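Letter by letter, the chains look like this.
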Amino acid sequence: MTANIIRQHAVWHDYLELCKPRVVALMLLTALVGMYLATPGWIPLPLVLLSLLGIGLCAASAAAVNHLVDKKIDKLMHRTRHRPVARERVSVLDALIFALLLGVSGVVILVKYINALTAVLSFITLIGYAVIYTGYLKRATPQNIVIGGLAGAAPPLLGWTAVTNHLDPQALLLVLIIFTWTPPHFWALAIYRFEDYSHAKIPMLPVTHGISFTKLQIVLYTILLSVVTVLPVVVGMCGLIYFIGTILLNLRFFYWAFRLYRTDEPIVAMQTFRYSISYLMVLFVLLLADHYWVIS
């Protein structure tokens, strides 16, 4: 009886791992902020929950496909060798069916309860990450994370269109923030996991152009990010709370980027990566806090 319970728990946990829940949770936070920034008032709870459910299912589907496509690569990398499909705890067929169920369910929910625009954009995002980035760009160019980062930057736009049913320049500005944040975020991890990517022959920037060059790119992208994150203030989208907060966040990002640039300690790359996650979370919370402080 005990062994059976443990086995069932492992299966449940494996399928949850296929969804990359921590990544999806961060995406849903940005989608939620996009929803509330799209309107001066409050949003009906059913609309919020159904939007996040549909967007989240599509994101989880893309994550599951990523596990499938990267099965052979994952076996070669220390960071990913214990993933469910790589270790064959979940079969390729079961993972494929699971990914299809997630994706179809997400699109159907968005079409039926939200709007067709959000459903189409979510589907395009799914294909962009699962097929274009994972299936092609990741193995084709050291600029993979830059080009493919557009898919990961879409959630605030999806949240915005879920409320408004149309595209808006301010929503695209939120996309631009995440798009600019993605390279320094992921390249810091790629430096820390240099041996993994080199062994798996994945052309990440540190592998193809060297760690020193990648560190310089992180510094330059951090400077660019500091400019992009101030644009919401410039266009009148945000006020003083967000402005002060983002200046402090960017100064701290500068600290980690320059520290990484000047050191050979691998742990600093991981610390930079971890800070970048907190950075994005706090930045979007600041967007939300500033929005409702201003309208109140």
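Calculation criteria
Residues numbered from 1 in each chain as written. Predicted model: local features only at pLDDT ≥ 70, side-chain atom pairs only at ≥ 80, totals over all residues. Heavy atoms only, no water. Helix = DSSP H or I, 4+ residues; strand = E, 2+ residues; numbered from the N terminus. Rg over C-alpha atoms; globule rule 2.2 N^0.38 Å. Contact = heavy atoms within 4.5 Å. Areas by Shrake-Rupley, 256 points an atom, 1.4 Å probe, with all protein chains shown as cover. Lys, Arg positive; Asp, Glu negative; His and termini not counted. Charge placed at Lys NZ, Arg CZ, Asp CG, Glu CD. Core = buried A, V, L, I, M, F, W, Y, C linked by side-chain atoms within 4.5 Å. Buried < 20%, exposed > 50% of the residue type's maximum accessible area, 1.4 Å probe, protein only. Salt bridge = Lys/Arg side-chain N within 4 Å of Asp/Glu carboxyl O. Expected span 1.5 Å × (residues − 1). Axes fitted to C-alpha atoms, helices over the stretch in contact; angles between N-to-C directions. Parallel < 35°, antiparallel > 145°, perpendicular 65-115°, else oblique. Left-handed = near helix turned anticlockwise from the far one by under 90°. Bend = angle between axes of the 7 residues up to and from the residue. Polar contact = N/O pair within 3.5 Å; in protein donor to acceptor, adjacent residues only side chain to side chain. Phe/Tyr/Trp six-rings, centres within 6.5 Å; stacked < 30°, edge-to-face > 60°.

What am I meant to see in the overall build of the protein here?
Looking only at helices and strands, the protein has 15 helices and 0 strands in total. Taking 296 residues into account, the globule formula puts the C-alpha radius of gyration at 19 Å, and the protein, at 20 Å, falls close to it. Structurally, the protein occupies a C-alpha span of about 55 × 50 × 40 Å along its principal axes. Restricting the contact set of the protein to residue pairs at least 6 apart, pairs at least 24 apart contribute 73%. Looking at the protein as shown, the accessible area adds up to about 14,100 Å², and 70% of this sits on carbon and sulfur atoms. Measuring between centres, the 21 positive side-chain charges of the protein sit 3 Å from its 12 negative side-chain charges.

Help me understand the nonpolar core, please; the structure alone is not making it clear to me.
Buried together is how nonpolar side chains tend to be arranged in soluble globular proteins. Core analysis: the biggest nonpolar cluster contains 87 residues, and Trp-181, Tyr-279 and Leu-287 have the highest contact counts within it. No other element matches helix H9 (residues 169-192), which puts 13 residues into this core. Those residues in contact with Trp-181, other than ones at most four positions away along the chain, are Leu-26, Leu-225, Phe-253, Ser-276, Ile-277, Tyr-279 and Leu-280.

Help me understand the pattern of salt bridges in this model?
Oppositely charged side chains are able to pair whenever their charged atoms sit close together. Counting across every chain of the model gives 8 salt bridges. A salt bridge links Arg-89 to Glu-17; the nearest nitrogen and oxygen atoms lie 3.7 Å apart. On the criterion of sequence distance, the pair formed by Arg-89 in the loop between helix H4 (71-76) and helix H5 (92-114) and Glu-17 in helix H1 (residues 2-18) is long-range, its members being 72 residues apart.

What exactly am I supposed to notice about helix H12 (residues 211-228) here?
Because an α-helix packs 3.6 residues into every turn, residues spaced three or four apart end up facing the same way. If you check H12, its first and last C-alpha atoms are 25 Å apart, about what 18 residues at 1.5 Å a residue would give, namely 26 Å. All buried positions along H12 are accounted for by Thr-214, Lys-215, Gln-217, Ile-218, Val-219, Tyr-221, Thr-222, Leu-225, Ser-226 and Val-228.

Honestly, the packing of helix H3 (residues 45-69) against H5 in this entry has me stumped. Any pointers?
Here H3 crosses H5 at 155°, and the two axes come no closer than 8 Å. The pairing of H3 with H5 is recorded here as roughly antiparallel in orientation. When you trace H3 past H5, the crossing you get is left-handed.

Quick question: what am I supposed to make of H9 here?
Between the first and last C-alpha of H9 there are 36 Å, a value that for 24 residues agrees with the 34 Å anticipated at 1.5 Å per step. Its axis deflected by about 30° at Thr-182, H9 carries its strongest bend there, up to four residues before the proline Pro-183. Counting buried residues along H9, 18 of its 24 residues qualify, which places the element largely inside the surrounding structure. For H9, the capping residue at the N-terminal end is Asp-168, with a side-chain oxygen 2.8 Å from the backbone nitrogen of Gln-170.

Is there a simple way to think about the packing of aromatic side chains in this case?
A full pass over the atoms with the stated rule returns 12 aromatic pairs. Ring geometry for Tyr-36 and Tyr-292: centres 6.0 Å apart, planes at 65°, overall edge-to-face. In this pair, Tyr-36 is assigned in helix H2 (residues 21-37) and Tyr-292 in helix H15 (residues 266-295), connecting sequence segments 256 residues apart. The exposure classification of Tyr-36 matches that of Tyr-292, with both residues buried. Where Phe-253 meets Tyr-275, the ring centres are 5.6 Å apart and the plane angle is 85°; that geometry is what we call edge-to-face.

Is there a simple way to think about the side chain of Thr-134 in this case?
Assignment of secondary structure puts Thr-134 in helix H6 (residues 116-140). Engagement of the side chain of Thr-134 in a polar contact is seen with the side chain of Asn-66, the distance being 3.1 Å. In terms of polar contacts, Thr-134 uses its side chain to reach the backbone carbonyl oxygen of Tyr-129, at 2.8 Å. Beyond its immediate sequence surroundings of up to four residues, Thr-134 is in contact with Asn-66, Val-69, Asp-70, Tyr-129 and Arg-139.

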